[in-house]
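# Summary of structural features
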Amino acid sequence: MAGTALLAAALTACSGGSGSGAADGKAELKPKSDMAVSVNLTGDQVKAGEPVTVTVAEGKLAQVKVTDAKGAELPGKIADDGKTWTSERNAAPGAEYKVEAQNTESQSATTQFKTSPADKVNKVSINLPKGSTVGVAMPVSLVFDNPVTNKAEVEKQLKVTTSNNTEGSWGWMKDYSGNDRVDWRPKEYWKSGTDVKVDMNLNGVDSGKGGGLFARDYNTEFKIGKDRRIEVSLDAKKMSVTEDGQALKTIPVSAGTPGGKKASWSGKMVIMTKEGTIRMDSQTVGLDDAYDKMVDYSMRLTWSGMYAHAAPWNAGSFGRANTSSGCVGMSDGDAKDFFAQSQIGDPFEVVGGGSKGNAELGNGYGEWNLSWDDWKAKSALTGGAQSG
């Protein structure tokens, strides 16, 4: 540490003479004893989840360095009065820390402590793997294994950085699974070509009652692909595809049967996953024995089971009637082409009459159905919005 080196140099410089004074006539400096500091965390079974505070008994701190066994440093700041240093992040569970401090007179002190493992660990599932390329409507979505009651403390540690200062905000909700979830949505759809980085500095953060501590940091990065948008008109029984504002194709479709459980959801949705050929069983979505078949070119729109997919058995209804069990069906040929060209994260909007309304916020990526002000209000932090 620089402080230790400075101290050694100071002691060497003032211990060379044994006479009554230095050659320049100034009084000779005497070696000074090490300073006294106290650390709020001591011992080898320290409870993690709170900041490290270093306090000097006399004088003022010049610098403090707190590092773990891997050499990673806890950032922190010295108070205006110079008496204390406090880490910006909490001590992580199951970690060993070395504290090195130096005051303004080059005196130093060193100590160590260990934190005990967390009694309960919270974890995060992230919707965007590193290196993904996604459509312009894809939010960052984090789902937590355990409850998060300290939402503001968690949100403070989440940072989105973009290549063009995209404005956006975090918003909290219940995921369709029932777990706590927080999403980051831009104010408007992303601009094609934007690079995005997400840092989740959660190691040592306390989730709150029943949630436990986070025991690691998370991060991911992704890129926004082409600006491709889909709109389904329930009235016209057609699906329109645009790219960069230019109409590409209009596809005849058959959506959900109006009235009752078989109606389609409407509003702004997002292509969540491209699942391809999957088995669809109506009993898993509360529609008794309406269907049980293998379905090709399937793309998920809600967690509750609304898809866009090939539906050759319903060919007589394409462009004529909405007779499906809630999904948007089309011919094999149209579905194959649509599947190949679509991206995860493409906006998928359903308009017109005969729907069952918007899906719940956490049933897919429903945040685009909220106004910007309503979305910002779901942030746990005052102000909500930030530029990434």
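## So, the nonpolar core
Ranked by size, the top nonpolar core spans 31 residues in total, and within it Leu-142, Phe-144, Val-154, Trp-170 and Phe-222 carry the most contacts. If you list the elements that add at least two residues to this core, you get strand E12 (140-144), strand E13 (158-162), strand E14 (167-174), strand E15 (180-186), strand E16 (195-200) and strand E18 (218-224). In terms of nonpolar packing, the next biggest core, distinct from the first, is built from 24 residues, Ile-230, Val-241, Met-306 and Phe-338 among them.

## A look at the side chain of Gln-107
One can find Gln-107 in the loop between strand E7 (96-103) and strand E8 (108-115). Engagement of the side chain of Gln-107 in a polar contact is seen with the side chain of Asn-103, the distance being 2.6 Å.

## Structural notes on the environment of Lys-151
Residue position: Lys-151 is located in helix H2 (residues 151-156). On a C-alpha basis, the gap between Lys-151 and Val-182 in space is 9.1 Å, while along the polypeptide they are 31 residues apart. Among all residues touching Lys-151, those that are not within four sequence positions of it are Trp-172, Asp-180 and Ala-380. Separated by 2.7 Å, the side chain of Lys-151 and the backbone oxygen of Val-148 make a polar contact.

## Focus: the environment of Val-182
Among the structural elements, Val-182 can be located in strand E15. For Val-182, a relative accessible area of 0% puts it in the buried group. Each residue touching Val-182, except ones within four places of it in the same chain, is listed here: Val-140, Ser-141, Leu-142, Phe-144, Leu-158, Trp-170, Gly-171 and Trp-172.

## Digging into the sheet that holds strand E19 (residues 228-233)
Strand order in the open sheet formed by five strands is E21-E20-E19-E27-E22, and the pairing between neighbours is mixed. The outermost strands of the open sheet, each flanked by one partner alone, are strand E21 (246-252) and strand E22 (267-270). The mean angle between the axes of side-by-side strands here comes to 20°, regardless of whether they run parallel or antiparallel. Here E19 runs beside strand E20 (residues 238-243); their pairing, made up of six bridges, is antiparallel. By the bridge assignment for E20, Ile-230 is matched with Val-241.

## Here's the deal with the packing of aromatic side chains
This model, assessed by the stated rule, comprises seven aromatic pairs. Each member of the aromatic cluster is reached from another via a ring pair, and the members are Phe-144, Trp-172 and Phe-214. Directly above the ring of Tyr-218 sits Arg-216, whose terminal nitrogen or CZ lies 3.9 Å from the centroid.

## Describing the sheet that holds E18
Spatial ordering of the open sheet is given by E11-E18-E16-E13, a layout of four strands whose pairing is mixed. Pairing within the sheet leaves two strands with one partner each, and these edge strands are strand E11 (132-134) and E13. Between one strand and the next, the sheet's axes are offset by a mean angle of 25°, whatever the strand orientation. Examined bridge by bridge, E16 and E18 share six bridges and lie antiparallel to one another. Each residue of the ladder has a partner; that of Asp-195, found in E18, is Lys-223.

## A closer look at the layout of surface pockets
Rolled over the atoms, a probe as big as a water molecule pinpoints where empty space is left. Counted as a void, the largest pocket has a volume near 340 Å³. If you trace the largest pocket, you find 18 residues lining it, with Asp-68, Ala-72, Ala-92, Tyr-97 and Asn-203 closest to the centre. Looking at the lining of the largest pocket, the elements that each hand over two or more residues are strand E6 (84-90) and E7. The class makeup of the residues in the lining of the largest pocket is nine nonpolar, three polar and six charged.

## Here we look at unusual backbone geometry
At Lys-237, a residue that is not glycine, the phi angle is positive and equals roughly 55°. The topology assignment puts Lys-237 in the loop between E19 and E20. The backbone of Tyr-297 shows a phi angle near 55°, a positive value even though the residue is not glycine. Among the secondary structure elements, Tyr-297 is positioned in strand E24 (residues 292-300). For Tyr-297, a relative accessible area of 25% translates into the label partly exposed.

Scoring rules and cut-offs
- Residues numbered from 1 in each chain as written.
- Predicted model: local features only at pLDDT ≥ 70, side-chain atom pairs only at ≥ 80, totals over all residues.
- Heavy atoms only, no water.
- Core = buried A, V, L, I, M, F, W, Y, C linked by side-chain atoms within 4.5 Å.
- Buried < 20%, exposed > 50% of the residue type's maximum accessible area, 1.4 Å probe, protein only.
- Helix = DSSP H or I, 4+ residues; strand = E, 2+ residues; numbered from the N terminus.
- Polar contact = N/O pair within 3.5 Å; in protein donor to acceptor, adjacent residues only side chain to side chain.
- Contact = heavy atoms within 4.5 Å.
- Pairing = 2+ DSSP bridges.
- Axes fitted to C-alpha atoms, helices over the stretch in contact; angles between N-to-C directions.
- Phe/Tyr/Trp six-rings, centres within 6.5 Å; stacked < 30°, edge-to-face > 60°.
- Lys NZ or Arg CZ within 6 Å of the ring centre and 35° of its normal.
- 1 Å grid on protein atoms, 1.4 Å probe; cavity = no way out; pocket = protein on both sides within 12 Å on 5 of 7 lines; lining within 4 Å.
- Points joined across faces, edges and corners; volume = space filled by probe spheres on them.
- Nonpolar A, V, L, I, M, F, W, Y, C, P; charged D, E, K, R; others polar.

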